[in-house]
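So you can see what is in the structure, the chains are spelled out below.
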Amino acid sequence: MTDAARPRSLFDKLWDAHVVVPESEDSPAILFIDLHLVHEVTSPQAFAMLEERGLAVRRPDCTQATLDHSTPTLPAGADGRLPYATEAAEKQVRQLEENCARHGIDLLGLDDPRRGIVHVVGPELGLTQPGKTIVCGDSHTSTHGAFGALAFGIGTTEVGHVLATQCVLQRKPKSMRIDFEGELAPGVGAKDMALAMIAQIGADGGQGYAVEFAGPAVEALSMEGRMTLCNMAIEAGARVGMVAPDQTTFDYIEGRERAPQGEAWDAALERWRALPSDPGAAFDREVRVDAAAIRPMITFGVSPDAAAPAGGRAPIPATAGEREAADYMRFIPDRPFAEMAVNRVFIGSCTNSRLSDLREAAEVMRGRQVAKGITALVVPGSEAVRRAAEAEGLDTVFLESGAEWRLPGCSMCIAMNGDQGAPGDLVVSTSNRNFVGRQGKGVRTVLAGPATAAACAIAGRIVDPSDYLNGEAARAA
Amino acid sequence: MQPEPFTRLEAYSLVLPQSNIDTDQIIPARFLTTTSREGLGKGAFYDWRYTGDDVPKNATPFPVEGAGERKILVAGANFGCGSSREHAPWALLDYGFRAVISSDIADIFKSNALKNGLLPVEIDRTTHAKLMEQPGIRIVIDLERCLIETEHGLRAEFAVEPFARRCLLDGVDPLGHILAQESAIAAFEDAR
Ligand code: SF4
């Protein structure tokens, strides 16, 4: 077989199409970047480097900035000032505003009706498209792979490289396909798939790989579900997670502000349809996950691979590390997770803050009350999500149940804007990291999908959400 | 800003045997609101070093004043997993570390560390396990030969991405390397 006829994977095709200078033993490839997403936390030092070296931004037209990490989720006070957590946070926001103005970069500013979390707004605007290379100084950039894009997180030095040259230096990673076989059970979602997958392959199972998620259960996912799954690829150690583009993808993109229009749309469709992996394309590693066996999942440790069905029991720790994690999390070995009392619930983050996530949570919370003493925070991923949710009354559902309805941002996912738990709190969170202290010093984080998190808020303890999704039986009892 | 060249490092080890030490441990998010990269050493492993309110913990392997001669961090598997924050290597360097040894180091952290002159050293599990049992020993890291040796005769080879190695040994500037390909980049853009 000639090399030209060799079956190529989606990843191979994306890689090949963006190589400016091929990789050699001495040097990594120089890879062209179609879309560079920028936010306030990982960019200031990169802009400073540009200044130091007297360089301009090469392609402001391929760069999109937003504000999300340090921004408050509470509205401005009576004095008209936003309640920033610290002066430094406010300064960081100002700094990005200045940097974008100086370099001609489009910024979704604080008052922009399109502002939101970087990985939520890229797709919403139609900027995230199949076939693109996308980078951001943020590890969850893998989210955009849901569209059949090659998207990965980079460090701040590389942010500087991309600003100055629109390119990054990269060695081609190995490739892995993860096949989700069978159909998901009702009430099981993309977050549960992600957690089950990470539990199976480990928090470093994807290290060094670009992962393609495939199989019937992935094809059946909505775009929002696919984004949730690809978002979590990095929690398995993989910088890249992707799904082949199909009609679901095209339907999502069509008509969005920055999507190709008219003839350009037809041409794009033709290109995009050629992207999925060829039959027989080789992968360095193949993994199968039994999708039908997946239950609503939670994490019980301090690494995302410590995941198990919410309706199950805490495992008996086997290693020193597991014992330490169990001590920190205060799970009692071999006792049902249901015995764990919850203090806070966070529904939000680039993993689970889109409209379908909020609907899922609202379905559980509608007509029910958040358990006494529990703080539940619902934070939409973007202004667009906020408007859409409010248009269908989801904000009312949350508020009536006793939850808080906030302004868009990263919020308690990274807890650097002032939204955080208190030491010792058990927080059930729809975000992506259960690391020690991630949501505030001494906070114990349990990761879950939106329905599970909502059910935990109502029950006041860890529960499988199934009972709350089955009609009215358990409602307002 | 170019990192300091790195050829050979002789220093003592500080051991953190935990696996999956993530970037939120290395530098908690509340230290990320900075717009510079100076002074992050204060936040390095902050919650491991302080009880809060800047009161140093008693039971911590970390010297209060900085790494001193213990410039080599030996840590459990999957070190540096989590976020892409380059603040993590900045903080470790500012605290005084120059190298991290583990059996495997997370991709983005590794790439960030190399760009800043913090050498990520991945070695075989057996030697790694032995190093973890001997905190405070003297270790020589030789980047020319890609070899580590301890005062007790342990030896292990390690691999470093060749370009990053050249950058560290010879002071090659990665951005300069890309900028030198300006005509190729322009041609690529024109061809689309
Ligand atoms: S929501 Fe969390 S994971 Fe997503 S971009 Fe914000 S801080 Fe990062």
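Since we're looking at a predicted model, the values are computed, not measured. (Residues numbered from 1 in each chain as written. Chains lettered and ligands numbered in written order. Predicted model: local features only at pLDDT ≥ 70, side-chain atom pairs only at ≥ 80, totals over all residues. Heavy atoms only, no water.)

(A) Expanded view of the domain arrangement of chain A. Residues and elements named next belong to chain A. You can read the domains of chain A as domain 1 (7–294) and domain 2 (296–476). Every contact between the two is made by 42 residues of domain 1 and, on the other side, 44 residues of domain 2. For the domain 1 and domain 2 pair, buried surface summed over both sides reaches about 3,300 Å², with 58% attributable to carbon and sulfur atoms. When residues of domain 1 are sorted by the area they lose upon contact with domain 2, Thr73, Ile117 and Lys191 head the list and together hold 20% of the total. There are one salt bridge connecting domain 1 and domain 2. Glu235 is paired through a salt bridge with Arg433; the nearest N and O atoms lie 3.0 Å apart. Scanning the region where domain 1 abuts domain 2 turns up 23 residue pairs in polar contact (both at pLDDT 80 or more). Sorting the residues of the side of domain 1 that touches domain 2 by element identifies helix H4 (118–125), helix H6 (190–201) and helix H8 (223–231) as the ones contributing at least two each. It is H6 that contributes the most residues to the side of domain 1 that touches domain 2, six residues altogether. For the side of domain 1 that touches domain 2, a count of residues per class yields 19 nonpolar, 14 polar and nine charged. (Domains from an automatic or database assignment. Contact = heavy atoms within 4.5 Å. Buried area = accessible area lost by both parts, 1.4 Å probe. Salt bridge = Lys/Arg side-chain N within 4 Å of Asp/Glu carboxyl O. Polar contact = N/O pair within 3.5 Å; in protein donor to acceptor, adjacent residues only side chain to side chain. Helix = DSSP H or I, 4+ residues; strand = E, 2+ residues; numbered from the N terminus. Nonpolar A, V, L, I, M, F, W, Y, C, P; charged D, E, K, R; others polar.)

(B) Spotlight on the interface of chain B and chain A. If you look at the interface, chain B gives 55 residues, while chain A gives 60 residues. Across the chain B to chain A interface the summed buried area is about 4,500 Å²; carbon plus sulfur atoms make up 55%. Three residues, Thr33, Thr35 and Leu175 of chain B, lead the burial of chain B against chain A; their summed loss comes to 14% of the area buried on that side. On the surface where chain B and chain A come into contact, there are nine salt bridges. The shortest N-O distance in the salt bridge between Glu161 of chain B and Arg171 of chain A comes to 2.5 Å. Inspection of the chain B/chain A interface yields 27 residue pairs in polar contact (both at pLDDT 80 or more). Listing elements by their share of the side of chain B that touches chain A, those giving two or more residues are helix H1 (23–26), helix H3 (87–95), helix H4 (107–115), helix H6 (162–170), helix H7 (174–179) and helix H8 (182–190) of chain B.

(C) Main features of the pattern of salt bridges. The full count for this structure, using the stated rule, is 42 salt bridges over all chains. One salt bridge connects Arg226 of chain A with Asp246 of chain A, and the closest N-O pair in it is separated by 2.8 Å. With a gap of 20 residues between them, Arg226 of chain A in helix H8 and Asp246 of chain A in the loop between strand E11 (240–242) and helix H9 (247–253) connect regions that are remote in the sequence. Its relative accessible area of 22% is what places Asp246 of chain A among the partly exposed residues. Sharing partners across several salt bridges, the network here consists of Arg58, Arg59 and Asp61 of chain A together with Glu182 and Glu189 of chain B. (Buried < 20%, exposed > 50% of the residue type's maximum accessible area, 1.4 Å probe, protein only.)

(D) Local environment of a negative patch on the surface. On the surface, Asp251, Glu254, Glu263, Asp266 and Glu270 of chain A cluster together into a negatively charged patch. No other element matches the three residues that helix H10 (residues 262–273) of chain A contributes to the negative patch. (Patch = residues over 30% accessible without salt bridge, like charges linked within 9 Å, V, L, I, M, F, W, Y side chains within 5 Å. Areas by Shrake-Rupley, 256 points an atom, 1.4 Å probe, with all protein chains shown as cover. Lys, Arg positive; Asp, Glu negative; His and termini not counted. Charge placed at Lys NZ, Arg CZ, Asp CG, Glu CD.)

(E) Focus on H4 of chain B. With respect to burial, H4 of chain B is a largely interior element, seven of its nine residues being buried. Burial in H4 of chain B covers these residues: Asp107, Ile108, Phe109, Ser111, Asn112, Ala113 and Leu114 of chain B. Residues of H4 of chain B that are buried in the fold lie against strand E7 (150–153) and helix H5 (156–165) of chain A together with H1, H3, strand E4 (119–122) and H6 of chain B. Once H4 of chain B finishes, Gly117 of chain B follows within two positions and takes phi at roughly 80°, a positive value.

(F) Quick look at the layout of surface pockets. Taken as a whole, the largest pocket spans an internal volume of roughly 1,300 Å³. Every residue lining the largest pocket is counted, 45 residues in all, and those nearest its centre are Val302, Gly321, Glu324 and Ala325 of chain A together with Ser19 of chain B. Contributions of two or more residues to the lining of the largest pocket are made by helix H11 (320–329) of chain A together with strand E1 (8–16), H1 and helix H2 (46–49) of chain B. Looking at the lining of the largest pocket, the element that brings in the most residues is H11 of chain A, giving seven residues. Considering only residue class, the lining of the largest pocket consists of 24 nonpolar, 12 polar and nine charged. A volume near 1,000 Å³ is recorded for the second largest pocket. (1 Å grid on protein atoms, 1.4 Å probe; cavity = no way out; pocket = protein on both sides within 12 Å on 5 of 7 lines; lining within 4 Å. Points joined across faces, edges and corners; volume = space filled by probe spheres on them.)

(G) Fine view of the sheet that holds strand E9 (residues 174–181) of chain A. Residue and element names in this part refer to chain A. Spatially, E11-E10-E9-E12 is the arrangement adopted by the four strands of the open sheet, whose pairing is parallel. The open sheet has two edge strands, E11 and strand E12 (285–290), and neither has a second partner. Here the average twist between neighbouring strands, direction ignored, is 20°. Sheet topology places E9 next to E12; six bridges connect them, and they run parallel. (Pairing = 2+ DSSP bridges. Axes fitted to C-alpha atoms, helices over the stretch in contact; angles between N-to-C directions.)

(H) Looking closely at helix H14 (residues 394–401) of chain A. All names here are of chain A. Where H14 is concerned, the buried positions are Leu394, Asp395, Val397, Phe398 and Ser401. The buried side chains of H14 occupy one side of the element, clustering within an arc of 160° when seen end-on. Looking at the buried side of H14, the elements it contacts are helix H12 (355–365), strand E16 (375–378), helix H13 (383–391) and strand E17 (404–405). One or two residues past the end of H14 sits Gly402, with phi positive at roughly 100°. (Arc of directions from axis to C-beta.)

(I) How the structure looks around the packing of aromatic side chains. Summed over all chains, the structure comprises 16 aromatic pairs over all chains. Arranged with centres 6.1 Å apart and planes meeting at 55°, the rings of Phe11 of chain A and Trp15 of chain A form a pair that is tilted. Taken together, the residues Phe11 of chain A and Trp15 of chain A, both in helix H1 (residues 10–16) and four residues apart, mark about one turn of the helix. Summarising the burial analysis for this pair, Phe11 of chain A and Trp15 of chain A share the class buried. Relative to Phe213 of chain A, the ring of Phe180 of chain A has its centre 6.3 Å away and its plane inclined at 45°; by these criteria the two rings are tilted. In this pair, Phe180 of chain A is assigned in strand E9 and Phe213 of chain A in strand E10 (residues 209–214), connecting sequence segments 33 residues apart. One exposure class covers both Phe180 of chain A and Phe213 of chain A, and it is buried. Three or more aromatic residues joined by ring pairs form one cluster here, namely Phe45, Trp48, Phe62, Tyr95 and Phe97 of chain B. The ring of Tyr252 of chain A has Arg256 of chain A lying over it, and the distance from NZ or CZ to the ring centre is 3.9 Å. Here the guanidinium or amino end of Lys42 of chain B rests over the ring plane of Tyr50 of chain B, the centre of that ring lying 5.7 Å away. (Phe/Tyr/Trp six-rings, centres within 6.5 Å; stacked < 30°, edge-to-face > 60°. Lys NZ or Arg CZ within 6 Å of the ring centre and 35° of its normal.)

(J) Structural view of the site of the ligand. Residues and elements named next belong to chain A. Taken together, His69, Ile117, His119, Asp138, His140, Ser349, Cys350, Cys410, Cys413, Ile414, Asn432 and Arg438 make up the full set of residues adjacent to the ligand. Under a 2 Å grid-point criterion requiring more than half of the atoms, the pocket assigned to the ligand is the largest cavity. A domain split of the shell around the ligand shows at least three residues from each of domain 1 (7–294) and domain 2 (296–476). (Near = heavy atom within 4 Å. Sits in = over half its atoms within 2 Å of the grid points.)

(K) Representation of the packing of H12 of chain A against H14 of chain A. All names here are of chain A. H14 packs onto H12 with a crossing angle of 40° between their chain directions and a minimal axis gap of 10 Å. Accordingly, the angle class assigned to the pair H12 and H14 is oblique. Classified by chirality, the crossing of H14 by H12 is left-handed. Only Leu394, Val397, Phe398 and Ser401 of H14 make contact with H12, whose side of the interface consists of Leu355, Leu358, Arg359, Ala361, Ala362 and Met365. When grouped by side-chain class, the residues that make up the contact of H12 with H14 number eight nonpolar, one polar and one charged. (Parallel < 35°, antiparallel > 145°, perpendicular 65-115°, else oblique. Left-handed = near helix turned anticlockwise from the far one by under 90°.)

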